[in-house]
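# Architecture at a glance
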Amino acid sequence: MKLRIAVTGRSYHQADVLPGELTLAEGATLVDAIRQIAGLLPDQQTLPPACLVSLAGRHLGTLGSYENAKLHDGDELVLIAPVAGG
Amino acid sequence: MEDRVSREHSAIDVPDLTNEELQRYDRQIGPGVLSVEGQRRLKGATALVTRVGGMGGPAAQSLVMAGVGRVIIAHGGEMISADLNRQVLGSEEVLGKPRAEHFAAYLRTMNRFVTVEAIDHEPDDREAAELANRCDVILACPPNFTERLRLNRAAVESGTPFIDAAQWGMTGSLIVVRPGETACLQCVYPEEPPFEEFFPVLGAISMATGALAALEAIKILSGAGTPQYGKMLMVDGFHGRTTSLELRRDPNCPCCGGMVSTK
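So, how was this worked out
- Residues numbered from 1 in each chain as written.
- Chains lettered and ligands numbered in written order.
- Predicted model: local features only at pLDDT ≥ 70, side-chain atom pairs only at ≥ 80, totals over all residues.
- Heavy atoms only, no water.
- Helix = DSSP H or I, 4+ residues; strand = E, 2+ residues; numbered from the N terminus.
- Rg over C-alpha atoms; globule rule 2.2 N^0.38 Å.
- Buried < 20%, exposed > 50% of the residue type's maximum accessible area, 1.4 Å probe, protein only.
- Contact = heavy atoms within 4.5 Å.
- Areas by Shrake-Rupley, 256 points an atom, 1.4 Å probe, with all protein chains shown as cover.
- Lys, Arg positive; Asp, Glu negative; His and termini not counted.
- Charge placed at Lys NZ, Arg CZ, Asp CG, Glu CD.
- Salt bridge = Lys/Arg side-chain N within 4 Å of Asp/Glu carboxyl O.
- Phe/Tyr/Trp six-rings, centres within 6.5 Å; stacked < 30°, edge-to-face > 60°.
- Core = buried A, V, L, I, M, F, W, Y, C linked by side-chain atoms within 4.5 Å.
- Polar contact = N/O pair within 3.5 Å; in protein donor to acceptor, adjacent residues only side chain to side chain.
- Axes fitted to C-alpha atoms, helices over the stretch in contact; angles between N-to-C directions.
- Parallel < 35°, antiparallel > 145°, perpendicular 65-115°, else oblique.
- Left-handed = near helix turned anticlockwise from the far one by under 90°.
- Nonpolar A, V, L, I, M, F, W, Y, C, P; charged D, E, K, R; others polar.

## Re the overall build of chain B
Along the backbone of chain B there are eight helices and eight strands. Relative to the 2.2 N^0.38 estimate, which gives 18 Å for 263 residues, the radius of gyration of chain B is 17 Å and therefore close to what a compact globule would have. Considering only C-alpha atoms, chain B reaches an extent of 45 × 45 × 40 Å along its principal axes. Looking at chain B residue by residue over its 263 residues, the buried ones come to 56%. A fraction of 69% describes how many contacts in chain B between residues 6 or more apart in sequence connect residues 24 or more apart. Approximately 11,000 Å² of chain B is accessible, and the part contributed by carbon and sulfur atoms is 51%. When the 26 positive and 34 negative side-chain charges of chain B are each reduced to one mean point, those points stand 4 Å apart.

Set out below in structure tokens:
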């Protein structure tokens, strides 16, 4: 199963090291995908807990607290790190 | 909290427009833009913009030029050189001088038909609440979540539509809140994200984000178009990507949970 991924917001530069899509086993969940993304980030780099989680256009919470969901082939996962600059 | 309700734009006074005003706004009155009634609503409206730096400056400028009758700006401190890559209300001549007073003076030169009030500091909880009760829309453009969440609380308590605009690097984000009906900022960020004092930012994204925030305010105040209530718009200018997300309201939100809208 293929999952398109994007990181945007405060940490957009971290997206440059990530692939545009992940390959996951059938039946994989959002937790599996987020765990895989974390493993692809360079050492010492993490996404902030306040990062918003959007799966297939649905807002599911933040990385610190989100609703798990079943993934479907072709879904897009967008992680939106909060920006606060004024 | 049940007795708090979201304010309707129909509550705004609709004063008549003079011939001079009709002439000034001629290019923005017509199909697909504002109606005469909408322009009158703008004239009768009050908007709060805090702060008026990279995003709030262009936002306030757009509101003043569009004819929002009263624009209140709040921003403390003096202008420094590093502000001038994005703070369009300033200039070389304002370096070292108080931002609010000089920015307001500049805004007044742009439209004699509107009133600009300047507050030379960032409002605390009490003042934010007082200002929210005087305003028909609040645009939050500060550089930290403490102020954003404070303004969000004031907006929710008063039922005032709220627009949060933020930026980082070449990215800008907008969140538009209709209290009692859509997610508020605290629903989205239940834990306050950390403060970052020296964030990178390019003026072009500040101005774009500020202008989009003003556009949302103008739609809300005038009744024209479709405000992006309940949504986040993230513009990642670095990668040329935009994301629009319908935000989930938290029924247990300590700020807006239990609040109802009149709609």
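The structure having been displayed, the exposition proceeds.
## Focus on the overall build of chain A
Of regular secondary structure, chain A possesses one helix and six strands. The helix and strand sequence of chain A, counted from the amino end, reads β-β-α-β-β-β-β. For chain A, whose C-alpha radius of gyration is 12 Å, the value lies close to the compact-globule estimate of 12 Å for 86 residues. Overall, the C-alpha framework of chain A stretches about 40 × 25 × 20 Å when taken along its three principal axes. Considering chain A as a whole, with its 86 residues, one finds that 52% of them fall into the buried category. Within chain A, residue pairs in contact and separated by at least 24 positions form 55% of the contacts whose partners lie at least 6 positions apart. Carbon and sulfur atoms form 49% of the exposed surface of chain A, whose accessible area is close to 3,800 Å².

## Here we look at the pattern of salt bridges
Summed over the entire model, instances satisfying the criterion amount to 22 salt bridges over all chains. Its salt-bridge partner being B:R248, residue A:E67 comes within 2.9 Å of it at the nearest N-O pair. With A:E67 in the loop between β5 (65-66) and β6 (76-81) and B:R248 in the segment after β8 (241-246), this residue pair bridges two chains. Judged by its relative accessible area of 35%, B:R248 falls in the partly exposed class. The residue B:R126 makes a salt bridge to B:E130 at a minimum N-O spacing of 2.7 Å. Residue B:R126 and its partner B:E130 are located together in helix α5 (residues 125-134), separated by four residues, close to a single helical turn.

## Side note on the packing of aromatic side chains
Residues and elements named next belong to chain B. Per the stated rule, a full pass over the model turns up one aromatic pair over all chains. With centroids separated by 4.9 Å and ring planes inclined at 65°, the aromatic side chains of F145 and Y189 adopt a geometry described as edge-to-face. You can see F145 sitting in helix α6 (residues 145-158) and its partner Y189 sitting in the loop between α7 (185-188) and α8 (203-222), a full 44 residues away along the chain. Taking the relative accessible area as the measure of exposure, F145 reaches 3% and is therefore buried. For Y189, a relative accessible area of 3% gives the class buried.

## A look at the nonpolar core
Residues B:V49, B:L63, B:V68, B:V71, B:I73, B:L139 and B:I163 are the most contacted members of the largest nonpolar core, which totals 41 residues. Counting only elements with at least two residues in this core, the list comes to β1 (46-50), α3 (56-66), β2 (70-74), α4 (99-108), β4 (137-140), β5 (162-168), β6 (171-177) and α8 of chain B. Here this core takes six residues from α8(B), the largest share from any one element. Excluding residues within four positions of it along the chain, B:L63 makes contact with B:A47, B:V49, B:V68, B:V71, B:L139, B:A214, B:A217 and B:I218. Core analysis: the next-biggest nonpolar cluster, separate from the first, contains 39 residues, A:A50, A:A84, B:I72 and B:A74 among them.

## Overview of the side chain of B:Q28
Residues and elements named next belong to chain B. Along the polypeptide, Q28 turns up in the loop between α1 (19-24) and α2 (36-44). A distance of 2.8 Å separates a polar atom in the side chain of Q28 from the backbone oxygen of A66. Contact partners of Q28, with chain neighbours within four places excluded, come to V33, L34, Q39, M65 and A66.

## Topic: the side chain of B:Q167
Mapped onto the secondary structure, B:Q167 falls in strand β5. Separated by 2.7 Å, the side chains of B:Q167 and B:S206 make a polar contact. Beyond its immediate stretch of four places on either side in the chain, B:Q167 contacts A:V83, A:A84, A:G85, A:G86, B:M55, B:R86, B:G172, B:F199, B:V201, B:I205 and B:S206.

## Some remarks on the packing of α3(B) against α8(B)
Residue and element names in this part refer to chain B. One can describe the packing of α3 onto α8 by two numbers: an axis separation of 7 Å at closest approach and a directional angle of 40°. With respect to their mutual orientation, α3 and α8 come out oblique. Crossing handedness for the pair α3 and α8: right-handed. The segment α3 lies against α8, with P58, A59, S62, L63 and A66 engaging S206, M207, G210, A211, A214, A217 and I218. Tallied by class, the residues present in the contact of α3 with α8 amount to nine nonpolar, three polar and no charged.

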